[in-house]
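If you want the building blocks of each chain, they are given just below.
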Amino acid sequence: MKRLISRLWGWLKALSVRAKVLVAVVLAALLGLLIWLVFFWFAFQTYFIDDKVEEAGPLFDSGAVADTEVDEPAAPDPTAVDPATPAPEATAAVPDATAPASDTGTAVPSPATGPMPGDELSPELIAEMDEAMEELGMPEEQPVEETMPDMPQVRVEASGEFISRSHPTQGQVEVLGDGTGQRFLRFEDFRTDNGPDLNVYLSAAPPDAPVGQFTDVYVDLGDLKGNVGSQNYEIPRDLDLDVYSTVVIWCVRFSVVFGAAELVPG
């Protein structure tokens, strides 16, 4: 090795100034290319950094919401009493000297009025309203009992479990629908390795198929939102899940399948 380095050094010293500059430029270009390949093309740093995402259940156009919740820190109860805080001293109620008198001709609060100024009804106005109701034959109570309108319900149309392929992958996947034709693919307890250009595919190939078959017949649902956590992907309305029955975490740049899951109806 020392002899090789000595020969290279001697060769460099023998070069002209112009040749030395050219060699320096070529070496700098090679170094830049190497850095670009490592950090941008192969993106090795992504394999060591988790991209976490935590989405709630999808909201359908019909207004239906999937019954899934994201764990969030509980908000403090404003009515809770701190044991260390001394209780306030009781005070006796004092009549309000500014309250209007109930003599005839003065405004008195109606039993149904709120506390806002101007909501008081005078006895004359109450009498006029009662008289108008009598003229119209309106009863004091008019009961009504309507049933709740039928709302779309979200149900699980298919589900599956991720298996590892070229990278460790785990979690559950569900197809959620509300009966209107709109469907979402939802990942629960999902985790895989991070990597460059990861997408979510629905493929016609089975989960244990050779790698090259996953892209023979497939639909791209978009970029993987995160390699860790719950997430939703809308499924095209006209897509036949009896054909596209495999969920694939696919690395577009290197044609590698990280993990896959078979969708089973039911």
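Scroll up to find the structure.
Residues numbered from 1 in each chain as written. Predicted model: local features only at pLDDT ≥ 70, side-chain atom pairs only at ≥ 80, totals over all residues. Heavy atoms only, no water.

(A) Spatial organisation of the nonpolar core. Grouped together as the largest cluster of nonpolar side chains are 24 residues, with contacts concentrated most on Leu185, Phe187, Val200, Leu202 and Val247. For this core, the secondary structure elements donating two or more residues are strand E1 (155-164), strand E2 (169-177), strand E3 (183-192), strand E4 (198-203), strand E5 (218-223), strand E6 (231-235), strand E7 (246-251) and strand E8 (256-262). Residues contacting leucine 202, with those up to four places away along its chain left out, are Leu185, Val217, Tyr218, Val219, Leu221, Ile235, Leu239, Leu241, Tyr244, Thr246, Val247 and Leu263. (Core = buried A, V, L, I, M, F, W, Y, C linked by side-chain atoms within 4.5 Å. Buried < 20%, exposed > 50% of the residue type's maximum accessible area, 1.4 Å probe, protein only. Helix = DSSP H or I, 4+ residues; strand = E, 2+ residues; numbered from the N terminus. Contact = heavy atoms within 4.5 Å.)

(B) Spotlight on the pairing of E6. Extensive coverage of E6 is indicated by the burial of four of its five residues. Pairing between E3 and E6: five bridges, direction antiparallel. Counterpart to arginine 186 in the pairing with E6 is asparagine 232. (Pairing = 2+ DSSP bridges.)

(C) How the structure looks around helix H3 (residues 123-136). A rise of 1.5 Å per residue sets the reference length of H3, with its 14 residues, at 20 Å; its end C-alpha atoms lie 20 Å apart and thus fit the reference within 8%. In the segment just after H3, glycine 137 is the residue with positive phi, at about 70 degrees. (Expected span 1.5 Å × (residues − 1).)

(D) Structural view of the packing of aromatic side chains. One pass over the full model with this rule turns up seven aromatic pairs. Geometrically, the ring pair formed by phenylalanine 187 and tyrosine 233 is tilted, given 5.4 Å between the ring centres and 50 degrees between the ring planes. Of this pair, phenylalanine 187 sits in strand E3 while tyrosine 233 sits in strand E6, placing them 46 residues apart in sequence. Taking the relative accessible area as the measure of exposure, tyrosine 233 reaches 3% and is therefore buried. Seen from their ring centres, tyrosine 201 and tryptophan 250 are 6.0 Å apart, and the 20 degrees between their planes marks the pair as stacked. One end of the pair, tyrosine 201, is in strand E4; the other, tryptophan 250, is in strand E7, with 49 residues separating them in the sequence. For the pair tyrosine 201 and tryptophan 250, one class covers both residues: buried. Clustering of aromatic rings is evident, with ring pairs tying together Phe162, Phe187, Phe190 and Tyr233. The positively charged end of lysine 225 is found above the aromatic ring belonging to tyrosine 233, 5.0 Å away from the centroid. (Phe/Tyr/Trp six-rings, centres within 6.5 Å; stacked < 30°, edge-to-face > 60°. Lys NZ or Arg CZ within 6 Å of the ring centre and 35° of its normal.)

Coordinates in, geometry out; function isn't part of it.
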